[in-house]
Amino acid sequence: MLTEFKSLEISHLNIPSDFEIQFAKSCFCSEFFKNNLLDFDQNALNIFLERIDCNEIEKTLQVGVLQLIDFVNTSEDEFKSALRIWRNQNQMLIIFMDSNQLWSLEQVLTATSKMADVAIELSHNYAQFIIENRFGKPSSKTNEIKNSLSVLAMGKLGAFELNLSSDIDLIFVYPFSGNTIINGSDQKSISNQEFFIKVARKIIDYLHQVTQEGFVYRVDMRLRPWGQGGELVLNQTAFFKYYIEHGRDWERFAMVKMRPVCGDPLFNESVIEFINQFVYRAYVDFQAIEALRDLKNQINKESLKLPNLNVKLGRGGIREIEFIVQSFQLVRGGNVHALQTPNLFEVLNVLNNNALLDEQSLAEIKVAYIWLRKIEHAIQAYQDKQGQVLPNDAGLRIKIAKYIGLETEENLLEILSEQTKIVTKHFENCIQKENKPYPLDKTLEQLLVQSISNNMKRSELSNLSEQLNVVLAGFINSQAFEKLTPQVRDRVLITLNYILQEIKSLPEMSQETTFNNLILILESVLRRSSYLTLLNEHPFAIFEMVRLVYRSKWIAQQLIEKPFLFDELIDHDRLYHLPSEQELSAQLRLMMLRIEQDDLEQQMESLRQFKHARVFRAGACEVMKTLGLGNVSDYLTQVANVVVKYSLHLAFEQMIERFGFPEKNENENENEQDHSFVNSNEDLSIIAYGKMGGFELNYHSDLDVVFIYNSSINGKTDGVKSIENIVFYTKVVQRFMHILNSKTYNGQLYEVDMRLRPSGNSGSLVCSLDGFKKYQLNQAWTWEHQALVRTRSVAGMDDHCYVRLKTEILTQVDKQDLRDNIVNMRNKMIDQLGSKSNHSDKFNIKQDRGGLVDIEFMVQYWVLKHCEAIPQLCLFSDNLNILDCLAINNVISKEDSTALVQAYMTLRSLLHAQILQDHKSQVIDIQRDEKITNTIKNVEAFWHKFMVSCAP
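These numbers come from a predicted model, not from an experiment.

1. Here we look at the overall build of the protein
Broken down by element type, the protein carries 40 helices and 14 strands. The C-alpha atoms of the protein give 32 Å as radius of gyration, which agrees with the globular expectation for 952 residues (30 Å, within 12%). Taking the principal axes of the C-alpha coordinates as reference, the protein spans close to 100 × 90 × 55 Å. Relative to its 952 residues, the protein shows a buried fraction of 57%. Across the protein, contacts joining residues at least 24 apart in sequence account for 74% of those joining residues at least 6 apart. As presented, the protein carries roughly 40,800 Å² of accessible surface, and 48% of it is formed by carbon and sulfur atoms. Of note, the protein has its 100 positive side-chain charges centred 4 Å away from the centre of its 122 negative side-chain charges.

Set out below in structure tokens:
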């Protein structure tokens, strides 16, 4: 190290010989440290050496701050530059002290957290100074509390445990609504809400933006109320209301580490008091235990998919230690008030003082935490980048070993293995629920082992049918099976044992087909032993898999293509309980919070896993008949709603990062309102058409959508790289399409179809609100108005606003030749898309006469003809509610409405049944099914009655 250090171009620096080895070690372990040292002059080095000798961390961090607080004479660019230089110098000091073991881990964490506090407070004060000069000061409702923006630190910063190179999780809240008070004619009064949004954006920009001097901190705002879909800042009333009405268990867990960094002290005290009431119960909180068990299961499943070399998220990693500690806080924090602290080391001391955990366990957890955090810091110190995965490169591993005081790569791996095993042991014992093992069939086990050990060309298990023996023999004598290690073979045998026990309970005629499909599933995971382990540990999941695969080829195919779906089989109650849309949104938000906000690739993979897992549950519910078709379709649509909204937020945030915010309409109402929930992307709306619009999504549906924006047509974005609004929204839509359409390792989210937008494929990807309205009123064809009947706003525009727009358009549709146009269009569809079969026993469920489209066209015709007189017909986008409304308003009889609803549901059930058996065609054989035949005849009769003979 010393030889390499002396070869650096630092002859202009006079480094005392007493410090040479320490500087050499820091340069060896950290490229960031080395590169910054090369830019030092002697004066900078002398200041650095003085700071090494200073024993007071806070005093050390104040060096260089004075030049940052002269706000009057400092431009924004100068402020950002000085702040980054100050940050880099402090980062160098922390790396030097840490890599040379001159500070303990607690001292390092204090230094990193204090540095962030100073940077946030400086940015906050300067941002407020800048915005006040333009818009005046925010009004207050009392002299005791200053109406200032409070910045709440979450996560590791909130706990004074910030990583060496880490994102900072922040939430913004302010005391009072109102308007700013101006002092001069050059100022413009705005709402307090808008004022603090501008301050918050400045703070994020000062910290987050990458300049030639680097960045200060990556800012993550996803923990705020409603996540990326929520306002950037909230007033106290809206903030408290959110947690009272919508606060989730995981948000309780997150708020354990909340700490105000700046803002009015009295107001911050009230926030702390409220949040403590939200997080902690005034008794031993056993209700939290089930929520903690769910979180623990989620951690277990995620860690199985990650390498053990991930010191944070892998098995036995830092996250599991944090879970252990927080579980005590949540369950007992209401009784033991000393547990109501965000800092992990303080909590460990409280657990010891109150004998809540034995001394040996506490000592082991603390030592493991220190080692794992040190390794994490060493990984991050190398290039001043966030990371938790131990690199494969041997040279880099030696640097990490040296950083934490070890000599070799072997020492490092030994410590990591030893400490993660200790953590795993304590994690498994935490919030443990007793699981009774399900017994293996011993006779079957012996026969399986014997058939393999004898290398039999044909497996002969006396208690199985000949067909099952043939399938089994083919599997255990296959090359794929023979290449398995003995350990993996044992896991396969256990899985086979459970499968065969359950197979024997099925009807004999279905056993062979089901077993064949199950073997295909097993073959797909032979090289992924973690999934076999998962199944072995949860035999009831295997039994559930057998029952589902017996009923659905589609489910078998999903498990083959997406083995992560095995996770869904573990919890029977969760598998057959479909959450509400609000719960789905909260689940997705929690899932995405575990991913770095700039890691689009991983976000896209996680979105796919989320979607496929929820759709899989819907399929399970349908084939097991725990839910009816209507409930399943509603749920599949809700899943799409949640995914679409989140993907839009994701695309929007990424474009804002590059280009800033689009300019608003000049006439936009700036008066403050209740911001308990306002969609921050409300100027870009997604209008759902077709099955998504009508709440009728199935397992293969694509998404028909149109994008409408409602901001200044001639406006531009306010970023450093400014672009026109229309270009900005086009880029948002393109990114949105990329997120949904791309085929990745975990498949595709949805196929997005935008052909229904004004002017179809030749039209712009986004349309202004005014342009959309004019097109629909003046240029749209009858079929486009038909399509509009089944539309609703999914994101952006408020439902009521969109219904008003939709009603205004549909009530002005030209009624002349309406029926003829619709009938002609329907006949063309039958000619082009129908089954074209000469056999009367073949039927296209959707397109043939008597099929689904006949009913849909009748409904659309009635809406277009009668909505001017009955505008409430425009309230609904689904056929069932429209049919009900038509009957209530005497457009058709109640008997006809009921018959059409029954026919519609029967045909849709047939379509779902085709998909769940993995049939690609919509054409079915109806030769011997009297119920289906009668349904088709009834629909044909209705079509003739209403669309050919005469129409209501």
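2. As for the confidence of the model for the protein
On average, residues of the protein score 87 in pLDDT, and 91% of them are at 70 or above. Here residues 455-459 scores under 50 on pLDDT; set against residues more than four positions off or in separate chains, the count is 15 contacts. Overall, residues 667-681 carries pLDDT values under 50, and its contacts beyond four positions in sequence, including any with other chains, amount to 37 contacts.

3. A short note on the packing of aromatic side chains
The tally for this structure, following the rule as stated, stands at 32 aromatic pairs. One aromatic cluster in this structure is built from Trp226, Phe239, Phe240, Tyr242, Tyr243, Phe274 and Phe278. The ring of Phe160 is capped by Arg259, whose NZ or CZ atom sits 3.8 Å from the centre of that ring. Taking NZ or CZ as reference, Arg792 lies 4.1 Å from the ring centre of Phe695, over its face.

4. Concerning empty space enclosed by the protein
Applying the stated criterion to the full structure yields six cavities of 30 Å³ or more. In this structure, the largest cavity occupies an estimated 90 Å³ of space. Lining the largest cavity are Lys691, Glu696, Asn698, Lys846, Leu852, Glu856, Tyr904, Arg908, Leu911 and His912. The biggest single contributor to the lining of the largest cavity is helix H39 (residues 894-916), with four residues.

5. Observations concerning the pattern of salt bridges
For the coordinates displayed, the defined rule picks out 33 salt bridges. When the shortest N-O distance is used, the salt bridge between Glu428 and Arg315 registers 2.6 Å. Within this pair, whereas Glu428 is found in helix H18 (residues 409-429), its partner Arg315 is found in the loop between helix H13 (287-304) and helix H14 (318-332), the two being separated by 113 residues in sequence. With its nearest N and O atoms 3.2 Å apart, the salt bridge here joins Lys425 to Glu364. Of this pair, Lys425 sits in helix H18 while Glu364 sits in helix H16 (residues 359-381), and the two are 61 residues apart along the sequence. Residue classification places Lys425 among the partly exposed positions, given a relative accessible area of 41%. Overlapping salt bridges, with partners in common, bring together Arg315, Glu320 and Glu428 in one network.

6. Let's talk about the environment of Arg51
Within the secondary structure, Arg51 sits in helix H4 (residues 42-53). Separated by 90 residues in the primary sequence, Arg51 and Lys141 have C-alpha atoms spaced 44 Å apart.

7. Notes on the packing of helix H7 (residues 105-135) against helix H9 (residues 192-208)
Running from amino to carboxyl end, H7 crosses H9 at an angle of 135°, the nearest separation of the two axes being 8 Å. Comparing the axis directions of H7 and H9 gives the class oblique. In the crossing of H7 with H9, the sense of the turn from one axis to the other is right-handed. Contact residues: Ala119, Ile120, Ser123, His124, Tyr126, Ala127, Gln128, Ile130, Ile131, Glu132 and Phe135 in H7; Phe195, Phe196, Lys198, Val199, Lys202, Ile203, Tyr206 and Leu207 in H9. In terms of residue class, the contact of H7 with H9 is made up of 13 nonpolar, three polar and three charged.

8. Comments concerning helix H2 (residues 17-29)
With 13 residues, H2 should reach 18 Å at 1.5 Å per residue; the first-to-last C-alpha distance of 19 Å fits that figure. For H2, the set of buried residues is Phe19, Phe23, Ala24, Lys25, Ser26, Cys27, Phe28 and Cys29. Buried-residue contacts for H2 involve helix H1 (2-6), helix H3 (31-38), H4, helix H6 (76-99) and helix H17 (394-403).

9. Re the pairing of strand S9 (residues 703-709)
In terms of burial, S9 is largely enclosed, as seven of its seven residues are buried. Where burial is concerned, the two faces of S9 agree: the one with Leu703, Val705, Phe707 and Tyr709 and the one with Asp704, Val706 and Ile708 are both buried. Two elements, strand S8 (residues 684-689) and S9, share six bridges in a ladder whose sense is antiparallel. Residue pairing for S9: Tyr689 is matched across the bridge by Asp704. Relative to strand S10 (residues 752-753), S9 runs parallel, the two being bridged by two bridges. Bridge pairing in S10 places Leu703 opposite Val752. Each parallel crossover has a hand, and for S9 linked through helix H32 (residues 725-741) to S10 it is right-handed.

10. What to know about the pairing of strand S2 (residues 150-154)
By the criterion of burial, S2 is predominantly enclosed, with five of the five residues buried. Where burial is concerned, the two faces of S2 agree: the one with Ser150, Leu152 and Met154 and the one with Val151 and Ala153 are both buried. Where S2 lies against strand S3 (residues 167-174), five bridges are found, and the strand directions are antiparallel. From the neighbouring strand, Ala153 faces S3, where its bridge partner is Leu170. The pairing of S2 with strand S7 (residues 259-262) spans three bridges and is antiparallel. Bridge pairing links Val151 to Cys262 in S7.

11. Things to note about the side chain of Lys25
Looking at the secondary structure, you find Lys25 in helix H2. Of the side chains with opposite charge, Glu407 comes closest to the buried, unpaired Lys25, at an N-O distance of 7.0 Å. Polar contacts involving the side chain of Lys25 include one to the main-chain carbonyl oxygen of Lys402, which spans 3.0 Å. Not counting chain neighbours up to four residues away, the residues in contact with Lys25 comprise Met1, Ser99, Asn100, Gln101, Lys402, Tyr403 and Gly405.

12. Details of helix H22 (residues 486-503)
Spanning 18 residues, H22 covers 25 Å between terminal C-alpha atoms, matching the ideal 26 Å at 1.5 Å per step. Those residues of H22 that fall on the buried side of the exposure criterion are Val488, Arg491, Val492, Leu493, Thr495, Leu496, Asn497, Tyr498, Ile499, Leu500, Glu502 and Ile503.

13. Re the environment of Lys553
Within the secondary structure, Lys553 is located in helix H26 (residues 553-561). For the pair formed by Lys553 and Met655, sequence separation is 102 residues and the distance between their alpha carbons is 41 Å. If near-sequence neighbours (up to four positions away) are discounted, Lys553 is found in contact with Asn517, Leu916, Gln917 and Asp918.

14. Quick word on the side chain of Arg218
Mapped onto the elements of the fold, Arg218 is located in strand S5 (residues 218-220). Residue Arg218 is classed as buried on the basis of its relative accessible area of 16%. A polar side-chain atom of Arg218 sits 3.3 Å from a polar atom in the side chain of Ser165. Dropping the residues within four chain positions of it, Arg218 is found in contact with Ser165, Ser166, Asp167, Ile168, His208 and Gln386.

Thresholds applied
- Residues numbered from 1 in each chain as written.
- Predicted model: local features only at pLDDT ≥ 70, side-chain atom pairs only at ≥ 80, totals over all residues.
- Heavy atoms only, no water.
- Helix = DSSP H or I, 4+ residues; strand = E, 2+ residues; numbered from the N terminus.
- Rg over C-alpha atoms; globule rule 2.2 N^0.38 Å.
- Buried < 20%, exposed > 50% of the residue type's maximum accessible area, 1.4 Å probe, protein only.
- Contact = heavy atoms within 4.5 Å.
- Areas by Shrake-Rupley, 256 points an atom, 1.4 Å probe, with all protein chains shown as cover.
- Lys, Arg positive; Asp, Glu negative; His and termini not counted.
- Charge placed at Lys NZ, Arg CZ, Asp CG, Glu CD.
- pLDDT = per-residue confidence, 0-100.
- Phe/Tyr/Trp six-rings, centres within 6.5 Å; stacked < 30°, edge-to-face > 60°.
- Lys NZ or Arg CZ within 6 Å of the ring centre and 35° of its normal.
- 1 Å grid on protein atoms, 1.4 Å probe; cavity = no way out; pocket = protein on both sides within 12 Å on 5 of 7 lines; lining within 4 Å.
- Points joined across faces, edges and corners; volume = space filled by probe spheres on them.
- Salt bridge = Lys/Arg side-chain N within 4 Å of Asp/Glu carboxyl O.
- Axes fitted to C-alpha atoms, helices over the stretch in contact; angles between N-to-C directions.
- Parallel < 35°, antiparallel > 145°, perpendicular 65-115°, else oblique.
- Left-handed = near helix turned anticlockwise from the far one by under 90°.
- Nonpolar A, V, L, I, M, F, W, Y, C, P; charged D, E, K, R; others polar.
- Expected span 1.5 Å × (residues − 1).
- Pairing = 2+ DSSP bridges.
- Right-handed = clockwise from strand over helix to strand, strands pointing away.
- Polar contact = N/O pair within 3.5 Å; in protein donor to acceptor, adjacent residues only side chain to side chain.

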